[in-house]
Amino acid sequence: MNDATVARHWLAAALPKAAPALATTTVLALARIWNANGAEHSIGNAVLMTALSLSAAAAGVAAGNATGDSVLVGTAFAASGALAFAGVAGYSDGLSLPLLLWSLATAGAYGLAARYWRTDRRERTAHDRDMSERREEHAHIERIETLRATTEIEVARTGAAYAEQLAQALVTRAALPGFDPTALERAGLPALPAVDTSKEY
């Protein structure tokens, strides 16, 4: 039986594609708010963001060497880049450099996301193909079993009808005058059971 097809809402389908741009735009907006609240040309804030960015990058390298988990490493480096971007956007006084970094960060985020989207699409296609092959195989087995069962039923029904017709023919033939059961035995047919006509019903 085929599963019911559920249509996804267009917003749910478009949200993953917009996630990188939303993330970089959020970082830019928060950094500019931070800039307006005292981070502009603040050496202490710049040192803090640099230290946090380097720490996140070091954590990504350590996670890559220790576990080899690509998702964890990617997350650590993404956090490092976001912190560096936020530090520059918060420190600078104009919008030119933050917007340039925003465009580069957005392009880089889409470049990294495209790789995962491609892998996910490939895995989903392989899964759909495998499920389709399994459904076809099960449907084929079901059709064969249905044909086999139907054939057995028809053979049994035909055999029962033949036996009934043969019994009726023998009974009718036995009632005819001049019937000789020994002639059937001489012809090679099985002997008929003896009928006791002395019993009264």
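The structure under discussion appears in the preceding block.
Keep in mind that what you see is a predicted model, and the values were worked out from it rather than measured.

> I'm lost on the layout of surface pockets in this one. Help?
Unoccupied space between atoms shows up once a probe the size of one water molecule is rolled over them. Of the voids in this model, the largest pocket is the one considered here, and its volume is about 780 Å³. Along the wall of the largest pocket there are 23 residues; nearest its centre are Gly74, Phe77, Ala78, Ala109 and Leu112. At the level of secondary structure, the elements contributing two or more residues to the lining of the largest pocket comprise α1 (10-39), α3 (70-91) and α4 (96-175). Here the element with the most residues in the lining of the largest pocket is α3; it accounts for 10 residues.

> Mind showing me how you'd approach a nonpolar patch on the surface here?
Side chains of Val88, Leu97, Leu100 and Leu104 sit close together on the surface and give an oily, nonpolar patch of about 340 Å² of accessible area. No other element matches the three residues that α4 contributes to the nonpolar patch. Locating valine 88 in the fold gives a position in helix α3.

> Explanation requested: the pattern of salt bridges in the structure shown.
Where charged atoms from two side chains of opposite charge approach closely, those side chains can pair. Evaluation of the coordinates by the stated rule reveals five salt bridges. When the shortest N-O distance is used, the salt bridge between aspartate 120 and arginine 124 registers 2.9 Å. In this pair, aspartate 120 and arginine 124 are both assigned in helix α4, four residues apart and thus about one turn of the helix distant. You can call arginine 124 partly exposed: its relative accessible area is 43%.

> I would appreciate a short explanation of the packing of helix α2 (residues 43-66) against α3 in the present structure.
Any two packed helices are characterised by the angle at which their axes cross and by the distance between the axes. Close contact between α2 and α3 brings their axes to 8 Å; oriented N to C, the two are set at 170°. Looking at the two axes, α2 sits roughly antiparallel to α3. Here Ile43, Ala46, Met49, Leu52, Ser53, Ala56, Ala57, Ala59, Gly60, Val61, Ala63 and Gly64 of α2 come into contact with α3, specifically with Leu72, Val73, Ala76, Phe77, Ala79, Ser80, Leu83, Ala84, Ala86, Gly87 and Tyr91. Tallied by class, the residues present in the contact of α2 with α3 amount to 18 nonpolar, five polar and no charged.

> Explain the nonpolar core to me, please; I cannot follow it from the model alone.
Most often, soluble globular proteins keep nonpolar side chains buried together rather than apart. Counting residues in hydrophobic clusters, the biggest one holds six residues: Leu28, Ala31, Met49, Phe85, Ala86 and Ala89. Residue assignment for this core shows that the elements contributing at least two residues are α1 and α3. Looking at this core element by element, the count peaks at three residues for α3. When near neighbours in sequence (up to four residues on either side) are disregarded, phenylalanine 85 contacts Thr24, Val27, Leu28, Pro98, Leu101 and Trp102.

> What am I meant to see in the packing of α3 against α4 here?
Two elements in contact, α3 and α4, have axes separated by 10 Å at closest approach and are oriented at 170°. Compared by their axis directions, α3 and α4 come out roughly antiparallel. Across the interface between the two elements, Ser70, Phe85, Val88 and Ala89 of α3 pack against Leu97, Pro98, Leu101, Trp102 and Tyr116 of α4. Looking at the contact of α3 with α4, its residues break down into eight nonpolar, one polar and no charged.

> Hey, could you run me through the packing of aromatic side chains in this one?
Each aromatic ring pair is characterised by the separation of its centres together with the angle its planes make. Applying the stated rule across the entire model yields one aromatic pair. Their ring planes at 65° and their centres at 6.2 Å tell us that tyrosine 110 and tryptophan 117 sit as a pair that is edge-to-face. For tryptophan 117, a relative accessible area of 24% gives the class partly exposed. Here the guanidinium or amino end of lysine 17 rests over the ring plane of tryptophan 117, the centre of that ring lying 4.1 Å away. For the cation-ring pair, arginine 115 lies above tyrosine 116, with the distance from its terminal atom to the ring centre recorded as 5.8 Å.

Rules behind the numbers
Residues numbered from 1 in each chain as written. Predicted model: local features only at pLDDT ≥ 70, side-chain atom pairs only at ≥ 80, totals over all residues. Heavy atoms only, no water. 1 Å grid on protein atoms, 1.4 Å probe; cavity = no way out; pocket = protein on both sides within 12 Å on 5 of 7 lines; lining within 4 Å. Points joined across faces, edges and corners; volume = space filled by probe spheres on them. Helix = DSSP H or I, 4+ residues; strand = E, 2+ residues; numbered from the N terminus. Patch = residues over 30% accessible without salt bridge, like charges linked within 9 Å, V, L, I, M, F, W, Y side chains within 5 Å. Areas by Shrake-Rupley, 256 points an atom, 1.4 Å probe, with all protein chains shown as cover. Salt bridge = Lys/Arg side-chain N within 4 Å of Asp/Glu carboxyl O. Buried < 20%, exposed > 50% of the residue type's maximum accessible area, 1.4 Å probe, protein only. Axes fitted to C-alpha atoms, helices over the stretch in contact; angles between N-to-C directions. Parallel < 35°, antiparallel > 145°, perpendicular 65-115°, else oblique. Contact = heavy atoms within 4.5 Å. Nonpolar A, V, L, I, M, F, W, Y, C, P; charged D, E, K, R; others polar. Core = buried A, V, L, I, M, F, W, Y, C linked by side-chain atoms within 4.5 Å. Phe/Tyr/Trp six-rings, centres within 6.5 Å; stacked < 30°, edge-to-face > 60°. Lys NZ or Arg CZ within 6 Å of the ring centre and 35° of its normal.

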